[in-house]
Amino acid sequence: MKSRKLPREFDYYVLLFFSMAFIGWMWEVLLFLCTEHAFINRGVYRGPYLPIYGVGGILLVFAFRRIRRKPLLVFLLSAGVCSVLEYFTSWFLERLWGVRWWDYSGHFMNLNGRICLAGALVFGLGGTALVCLLLPLYDRLYQKIARKWRIALCLLLLLLFIADATYCAVRPNTGRGISWG
């Protein structure tokens, strides 16, 4: 018997976006804490989120939710989709502000320093973890939160994000260890 598919509301994706953006921020902060031995708030914005991870998470959910029982395929497709997203985000940010927020020039199999093989493999693993493992957990947690609280949380997160984006449109986060260039 097929399970009934629950409709996805806007707040589902807003909360998923911020969850993935926060997890991505934590990943990069911890990575730099371990490698550089310093807390570095990575990314364009000041808040604890990296929108590229949120966008990537949403893309992966839309594209691969139906194939979540095929982890190898999810891995390969996630690595590809996220690498394309990372490449064009790097290009766009550099064109917009003349700053590079990451540079993989010294990494094996890099393409113009914007993406590299190691990054693609990490994105493949992350995408597989998201689609095959974390998404079912997220779905259960989402259903446990009352709709009014989900909406309130979405509004708060969106207002904070808009304020941060507005401020950073003029003064992007480019401090020590954050950008190259």
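Keep in mind that this is a model prediction, so the values were computed, not measured.

Q: Tell me about the overall build of the protein, and please be specific about residues and values.
A: Looking only at helices and strands, the protein has five helices and two strands in total. Whereas a compact globule of 181 residues would reach a radius of gyration of roughly 16 Å, the protein reaches 17 Å, a difference of no more than 12%. Taken along the three principal axes of its C-alpha coordinates, the protein extends 55 × 40 × 30 Å. In the protein, buried positions account for 43% of the 181 residues.

Q: Tell me about the packing of aromatic side chains, and please be specific about residues and values.
A: Using the criterion set out here, one finds 17 aromatic pairs in the structure. Considering the side-chain rings of Y12 and Y142, the 5.0 Å spacing of their centres and the 80° angle between planes classify their relative orientation as edge-to-face. Placement of the pair is Y12 in helix α1 (residues 10-36) and Y142 in helix α4 (residues 117-144), with a sequence separation of 130 residues. Take Y12 and Y142: they sit in the same class, and that class is buried. Centroid distance F22 to W25: 5.9 Å. Interplanar angle 20°. Geometry classified as stacked. Residue F22 and its partner W25 are both found in helix α1; the two are separated by three residues, about one turn of the helix. Residue classification places W25 among the buried positions, given a relative accessible area of 13%. A connected cluster of aromatic rings, assembled from ring pairs, spans Y12, Y13, F62, Y138 and Y142.

Q: Provide a residue-level description of the packing of helix α2 (residues 51-64) against α4, including the pertinent values.
A: At a minimum axis distance of 10 Å, the contact between α2 and α4 shows a crossing angle of 60°. Here α2 is positioned oblique relative to α4, judged by the angle of their axes. Handedness of the α2/α4 crossing: right-handed. Together, Y53, G57, L60, V61 and F64 of α2 and F123, G127, L130, V131 and L135 of α4 make up the contact between the two elements.

Q: An account of the pattern of salt bridges is needed here, citing residue identities and associated values.
A: Opposite charge on two side chains lets them pair, provided their charged atoms get close. Under the counting rule described, the total for this entry stands at seven salt bridges. Notably, a salt bridge pairs R114 with E94, separated by 3.0 Å at the nearest N-O pair. Here R114 is found in the loop between β1 (110-111) and β2 (115-116), whereas its partner E94 is found in helix α3 (residues 71-97), with 20 residues between them in sequence. You can call E94 partly exposed: its relative accessible area is 22%. Within this structure, E94, R100, D103 and R114 form a network of salt bridges that share partners.

Q: Now, about unusual backbone geometry: what can you tell me, with residues and values included?
A: Phi is positive for H37, close to 55°, though the residue is something other than glycine. With respect to the secondary-structure elements, H37 resides in the loop between α1 and α2. With relative accessibility at 67%, the residue H37 sits in the exposed group. The backbone of N112 sits at a positive phi, close to 55°, despite the residue not being glycine. Tracing the sequence through the fold places N112 in the loop between β1 and β2.

Q: An account of α1 is requested, with residue identities and associated values reported.
A: The terminal C-alpha atoms of α1, which comprises 27 residues, lie 38 Å apart, in line with the 39 Å expected from a rise of 1.5 Å per residue. Just past α1, the residue H37 takes up positive phi, approximately 55°.

Q: Could you give an account of the packing of α1 against α2, naming the residues involved and the relevant values?
A: Packing of α1 against α2 leaves a shortest axis separation of 7 Å and a crossing angle of 125°. Classified by the angle between their axes, α1 and α2 sit oblique to one another. Where α1 crosses over α2, the handedness of that crossing is right-handed. In this structure, α1 uses Y13, L16, F17, M20, A21, G24, W27 and E28 to contact α2, whose residues at the interface are P51, Y53, G54, V55, G57, I58, V61 and F62. A class-by-class count of the residues in the contact of α1 with α2 yields 12 nonpolar, three polar and one charged.

Parameters and conventions
- Residues numbered from 1 in each chain as written.
- Predicted model: local features only at pLDDT ≥ 70, side-chain atom pairs only at ≥ 80, totals over all residues.
- Heavy atoms only, no water.
- Helix = DSSP H or I, 4+ residues; strand = E, 2+ residues; numbered from the N terminus.
- Rg over C-alpha atoms; globule rule 2.2 N^0.38 Å.
- Buried < 20%, exposed > 50% of the residue type's maximum accessible area, 1.4 Å probe, protein only.
- Phe/Tyr/Trp six-rings, centres within 6.5 Å; stacked < 30°, edge-to-face > 60°.
- Axes fitted to C-alpha atoms, helices over the stretch in contact; angles between N-to-C directions.
- Parallel < 35°, antiparallel > 145°, perpendicular 65-115°, else oblique.
- Left-handed = near helix turned anticlockwise from the far one by under 90°.
- Contact = heavy atoms within 4.5 Å.
- Salt bridge = Lys/Arg side-chain N within 4 Å of Asp/Glu carboxyl O.
- Expected span 1.5 Å × (residues − 1).
- Nonpolar A, V, L, I, M, F, W, Y, C, P; charged D, E, K, R; others polar.

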